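Read off the chains here:
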Amino acid sequence: MATDVKLPELGEGVTEGELLKWLVKPGDTVKTDQSIAEIMTDKATVEVPSPMNGVVKELKYKVGEIVKVESVMITLESSGQTTTAPAATKPAASTTTSAPATKAPVSIGATLNVKLPELGEGVSEGELIKWLVKPGDTVKVDQSVAEIMTDKATVEVPSTVAGTVSELMFKVGEIIKVENIILKLSGSGSVASAPAPVQVTQVPVAATSTPAKIPAAGATQAGPILYPPPADFKVLATPSTRRLARELGVDLNGVPGSGLAGRVTRDDVMSAKGPKTSAPQTTHISAPASFPKPAYVSPAGAQEERVPLLGVRKKIAENLQKAKQIIPHFTLMDEADVTQLVGFRESLKEAAEKAGTKVTYMPFVMKALIATIREFPMFNASIDDAAGEIVYKKYFNIGFAADTPNGLLVPVIKQADQKTIMDLSKDIVDLSTRARDGKLKLDEMKHATITVTNIGSVGGTYATPVINHPEVAIFGMYKISDKLVLSPDGKVSVRKVMNFTVTCDHRLIDGAVAARFLKAFINRIQNPGVLMLDMH
Amino acid sequence: MQKFDVVVIGSGPGGYVAAIRAAQLGFKVGIIEKEALGGVCLNVGCIPSKALITASHHWHRAHHDFKNMGFILKGLDLDFKKLLEWKNSVSGKMSSGVAQLLKGNQVTVIKGEAQFKSATELTVGSETIQGTNFIVATGSRPIQIPGFTFDEVDILSSTGALALDHVPKRVVAIGGGYIGLEISSYLRKFGSEVTVVEAQSTVLAGVVDPECAQVVARKLEKNGAQLLMNAKAKGQKKTKDGYEVTVEVDGKEQILKADKIIVTVGRRPNGDQMNLKAAGIQVDDRGFVVVDAQRRTSQKHIFAIGDICGQPMLAHKASHEGVLVAEVIKGHNRVYDAKTVPAVVFTDPEIASAGMMESECRAKGYNDLLISKFPFAANGRAVSMQETEGFVKMIADKKTHILLGVHIVGPEASNLISEAALAIEMGARLEDVALTIHPHPTLGETMMEAAEATLGHAIHIIQKPLTNGKSAHL
């Protein structure tokens, strides 16, 4: 007599699970309560017990398939003991009538799941760069287990629990979403300070609809990362809006309130979260919908390779597309006689070495730039299109383009006006080293007021760089070369010459203004002594 | 040995609420209680004191207010033993209610005192209990001062004061905080001669709005209590007929005679108990368990809520944290982000507050404030209740009219304050409160009128036009 064994209720709100493993095969004899399969739900991994004695006839699912509650998992051929059972109109119930208890303990696999935590505002996923652990390793709480690259930075993911690594759920290069389980630990190790996993719970044996609660143990608890931070007292948002923001990972402290007297509404929170909430199924953070997304159709038989556009590269693509769409660019170019500057820098080499750093031309350019911006504040501004206002910034955060293996990154030197040439040199060395190593913090790439690009150190006479929106200008510096120059009195001499460009947002900066700006800059950079005049 | 997903230590308003919510979320929960379920709040604190205060209020009104309504009372006797029985039955009902709720949620109650053995294990008597997560909710206890060791017979903490089986003739109450004043006013109403000894210059100093405190102090004195401010209790001596309490007031010593001495100078957290060190839980030098915004201790799977994790030591704060922590354990992203913990003092009249006092507003950088009061004497319901003392005071940001603080002293202040708490959590402006129709005739109208008063034009009081000749919102 064949009997269908169904997947029992696994817990409140759990409607299905993934079949991880069969613990029996056709032909096996099973006893009542013997585990027949491991099912992973979104809450826990459970072993499904057999409600009766019998011989396995057929397995209805393959490993990896999703099994819904109440669907038939296997067929059992009843063994002798159940022959006394009444007609099998309700096969599962027939055995339970003779079983003394309707519930039996089932062991929830002692598995601890480590999930990818919230990585920052608006970050929903990241690319797995590297595993820092392997199966069999013992992991402590807070130990880094993986490096994940998001579109903003590379972060190390800490384990929220302790245990022994049993399974890595992703391969290097794969995209992991926030809240995905990234690895599994078995908690059997003697871990003193870590929460022990719950071992035992109750699920009904019979394939009835008796609800059973499967407690989610420490395994699924939130990690120690507290994001977003609690809202400041002055933020006006109702308690339910504050909770919504927390659940969506929106930091209320930075959300502009559209409501009366600056109240942050639910809509404000939703839009701060971005399009992700309205379309949770999207795989990637999508670019603003207004951008065209033409397909590239491959010619037949062409030798091509397709890789996903992701991470830093995707972010670069989005940012530059946005900048080009919003900002009407123009670039002005000129050359400067930097003979004096070259000599001046040479004279500083020794002092710099003593201070343990090297001085490049970049800090001088930054200093001259800041002095010039003080004359032309519109170069250190932004346009708030939404408010219809120009925002003049009274601080000088200078971004500089850094070429890294992951692509273009722009580290920012904060309050550069308050730093010495030596400070700037050290910052530049430090930030560019860490940019190359993917160790920049998110905050170190934010809030630039103007950017300098030194593409000339690689090559090229002039370039027309793209402005880093919402800045309104990008300054270019190029290689120094020897040039024969005809002076006004007719003499020919060899001079050190360097090209500079300034690329401007034409909405705010007129051509003539840009020309005066570049001229003023060149006056300074040609006479490094003049720079001294601007020092505090 | 028992194992739980969540072990709660202490069954006060923090612990039992946490246990129930954790059980609702599907956890296997155990709760440990060394005394009665419900903790201090239900058994020797909030609930029994309110029973006695209510009784004394009725007693007092019967003697003073009822004759205006034409009641002619010929002899009114007090059976204090019966009152005590009734008070105990109130606590009993609440405590057994907690027991039922815990049972109904399949929470295992373990009687005894918990001692941590490690971060995952504790003992209760000879029993070992293991937990995946712990919630420490063991509250606080009365502070004892030198020279006044509690014997709970004559030298009483709040616990002993609420268990008195007779009305003592002469009472010296050391400490003019909210507990001391609540007990003093109830004993005074039943006829005790009460002297309140307070080290600071006012009662309820720093705890409530100074103007509110003043109303209560005046009423206490009017009712015949003596208030000694800037007074330090130096010691006590037992004599033939009671005690002599030495008090230093402005440098001069004086002797107060007393039959009972009540010491309510504050409460200290119980962070020195339960061998928290063995679990690796950090405790600060005042005895508070150190927690983060999720009420997580230095051990990630151990949480602390209520009095033991910091001020204000109020039951409703503990309950809020209890729910929060259970949900954090479940994996929900939650933090403690309430804007205000309303506070209530059951003096006569009652004081209640939500949001900030004026000094706190200024400390937070709100320099331009709108502040006004509306008196209960101008409220029809208060007049018809013969309870017209006090006022509703509102403080708002002048620029945005956002409500920053509400301070009520007056009848049913404790029941009126929730509207203010909601308004502050919702970020309400004065106009929001003023334009909400409040039913007549109720005490609640004073909230609406106070908002109007703060805007410059309450209906039921005469207000001078504001300096610019306009009200703030017209």
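For the structure itself, look to the data block above.
Some points on the overall build of chain A
Here is step 1: Broken down by element type, chain A carries nine helices and 28 strands.
Here is step 2: Across the 536 residues in chain A, those meeting the buried criterion constitute 44%.
Here is step 3: Put simply, of all contacts in chain A between residues at least 6 apart along the chain, 64% involve residues at least 24 apart.
Here is step 4: Accessible surface for chain A amounts to roughly 26,400 Å². Of this, 55% is attributable to carbon and sulfur atoms.

Let's talk about the overall build of chain B
Here is step 1: In terms of helices and strands, chain B carries 13 helices and 22 strands.
Here is step 2: Within the span of chain B, comprising 474 residues, buried residues form 56% of the whole.
Here is step 3: Residue pairs in contact within chain B that sit at least 24 positions apart in sequence constitute 62% of those at least 6 positions apart.
Here is step 4: Total accessible area on chain B stands at roughly 20,100 Å², and carbon and sulfur atoms take up 53% of it.

Let's talk about the pattern of salt bridges
Here is step 1: According to the stated counting rule, one finds 43 salt bridges over all chains in the structure shown.
Here is step 2: A salt bridge links glutamate 375 of chain A to arginine 524 of chain A, with the shortest nitrogen-to-oxygen separation between them at 2.8 Å. Here glutamate 375 of chain A, found in helix α6 (residues 362-375), pairs with arginine 524 of chain A, found in helix α8 (residues 511-526); they are 149 residues apart in sequence, far enough to count as distant.
Here is step 3: You can call glutamate 375 of chain A partly exposed: its relative accessible area is 45%.
Here is step 4: One salt bridge connects aspartate 272 of chain B with arginine 268 of chain B, and the closest N-O pair in it is separated by 3.3 Å.
Here is step 5: Of the residues examined, arginine 268 of chain B reaches a relative accessible area of 33% and is grouped as partly exposed.
Here is step 6: Taken together, the salt bridges that share partners define one network made up of Arg243 and Glu247 of chain A together with Arg21, Glu327 and Arg334 of chain B.

Digging into the packing of helix α3 (residues 46-64) of chain B against helix α6 (residues 178-189) of chain B
Residue and element names in this part refer to chain B.
Here is step 1: Where α3 meets α6, the axes come as close as 9 Å, and the angle between the chain directions of the two elements is 40 degrees. With respect to each other, α3 and α6 are oriented oblique. Handedness of the crossing formed by α3 with α6: left-handed. Contacts from Ser49, Lys50, Leu52, Ile53, Ser56, His57, Trp59 and His60 of α3 reach α6 at Glu182, Tyr186 and Lys189.
Here is step 2: Class assignment of the residues belonging to the contact of α3 with α6 gives a composition of four nonpolar, four polar and three charged.

Observations regarding the packing of aromatic side chains
Here is step 1: Taken as a whole and judged by the stated rule, the model has 14 aromatic pairs over all chains.
Here is step 2: Between tryptophan 59 of chain B and phenylalanine 190 of chain B the ring centres are 6.2 Å apart and the planes differ by 50 degrees, which places this aromatic pair in the tilted class. One end of the pair, tryptophan 59 of chain B, is in helix α3; the other, phenylalanine 190 of chain B, is in the loop between α6 and β10 (193-197), with 131 residues separating them in the sequence. Of the two residues, tryptophan 59 of chain B and phenylalanine 190 of chain B, both sit in the buried class.
Here is step 3: Counting every residue linked through ring pairs, the aromatic cluster contains Phe376, Phe379, Phe475, Phe500, Phe517 and Phe521 of chain A.
Here is step 4: The ring of tyrosine 336 of chain B carries the charged tip of arginine 295 of chain B above its face, separated from the ring centre by 4.4 Å.

Side note on the nonpolar core
Here is step 1: Ranked by size, the top nonpolar core spans 57 residues in total, and within it Phe379, Phe475, Phe500, Ile509, Phe521 and Ile525 of chain A carry the most contacts.
Here is step 2: Excluding residues within four positions of it along the chain, phenylalanine 521 of chain A makes contact with Val365, Ala368, Leu369, Thr372, Phe475 and Phe500 of chain A.
Here is step 3: In this structure, Val171, Phe190, Val194 and Val409 of chain B belong to the second largest nonpolar core, which totals 35 residues.

Quick look at helix α8 (residues 315-330) of chain B
All names here are of chain B.
Here is step 1: The terminal C-alpha atoms of α8 lie 23 Å apart, and with 16 residues this matches the ideal 22 Å at 1.5 Å per residue to within 8%.
Here is step 2: Burial of α8 is extensive: 12 of the 16 residues sit out of reach of the surface.
Here is step 3: Those residues of α8 not exposed but buried are Lys317, Ala318, Ser319, Glu321, Gly322, Leu324, Val325, Ala326, Glu327, Val328, Ile329 and Lys330.
Here is step 4: Where α8 terminates, the next one or two residues include glycine 331, which has phi positive at roughly 105 degrees.

What about the sheet that holds strand β6 (residues 54-59) of chain A?
Paired through their backbone hydrogen bonds, the strands of a sheet run either parallel or antiparallel.
Residue and element names in this part refer to chain A.
Here is step 1: Reading across the sheet, the four strands line up as β1-β8-β6-β3 and stay open at both edges, with antiparallel pairing between neighbours. Among the strands making up the open sheet, the edge pair consists of β1 (2-6) and β3 (29-30).
Here is step 2: As paired strands, β1 and strand β8 (residues 72-78) are joined by five bridges and run antiparallel to one another. Following the sheet pairing, lysine 6 is matched in β8 by valine 72.

A word on the packing of α6 of chain A against α8 of chain A
All names here are of chain A.
Here is step 1: At a closest axis distance of 9 Å, the pairing of α6 and α8 adopts a crossing angle of 135 degrees. With respect to each other, α6 and α8 are oriented oblique. For the element pair α6 and α8, the recorded crossing hand is right-handed. Touching Phe364, Val365, Ala368, Leu369, Ala371, Thr372, Ile373 and Glu375 of α6 are Phe517, Ala520, Phe521, Arg524 and Ile525, all from α8.
Here is step 2: By residue class, the composition of the contact of α6 with α8 is 10 nonpolar, one polar and two charged.

Remarks on the environment of arginine 141 of chain B
Here is step 1: Among the structural elements, arginine 141 of chain B can be located in strand β7 (residues 140-142).
Here is step 2: Put simply, arginine 141 of chain B and aspartate 307 of chain B are 166 residues apart on the chain and 9.3 Å apart in space, counted from C-alpha to C-alpha.

As for the environment of glutamate 156 of chain A
Residues and elements named next belong to chain A.
Here is step 1: Secondary-structure assignment places glutamate 156 in strand β14 (residues 154-158).
Here is step 2: On the basis of relative accessible area, glutamate 156 is assigned to the partly exposed category, the value being 42%.
Here is step 3: Along the primary structure glutamate 156 and leucine 119 are separated by 37 residues, whereas in three dimensions their C-alpha atoms are 9.8 Å apart.
Here is step 4: Setting aside anything within four residues of it in sequence, one finds glutamate 156 in contact with Leu132, Ser144, Ala146, Glu147 and Lys439.

The rules behind the values
- Residues numbered from 1 in each chain as written.
- Chains lettered and ligands numbered in written order.
- Predicted model: local features only at pLDDT ≥ 70, side-chain atom pairs only at ≥ 80, totals over all residues.
- Heavy atoms only, no water.
- Helix = DSSP H or I, 4+ residues; strand = E, 2+ residues; numbered from the N terminus.
- Buried < 20%, exposed > 50% of the residue type's maximum accessible area, 1.4 Å probe, protein only.
- Contact = heavy atoms within 4.5 Å.
- Areas by Shrake-Rupley, 256 points an atom, 1.4 Å probe, with all protein chains shown as cover.
- Salt bridge = Lys/Arg side-chain N within 4 Å of Asp/Glu carboxyl O.
- Axes fitted to C-alpha atoms, helices over the stretch in contact; angles between N-to-C directions.
- Parallel < 35°, antiparallel > 145°, perpendicular 65-115°, else oblique.
- Left-handed = near helix turned anticlockwise from the far one by under 90°.
- Nonpolar A, V, L, I, M, F, W, Y, C, P; charged D, E, K, R; others polar.
- Phe/Tyr/Trp six-rings, centres within 6.5 Å; stacked < 30°, edge-to-face > 60°.
- Lys NZ or Arg CZ within 6 Å of the ring centre and 35° of its normal.
- Core = buried A, V, L, I, M, F, W, Y, C linked by side-chain atoms within 4.5 Å.
- Expected span 1.5 Å × (residues − 1).
- Pairing = 2+ DSSP bridges.

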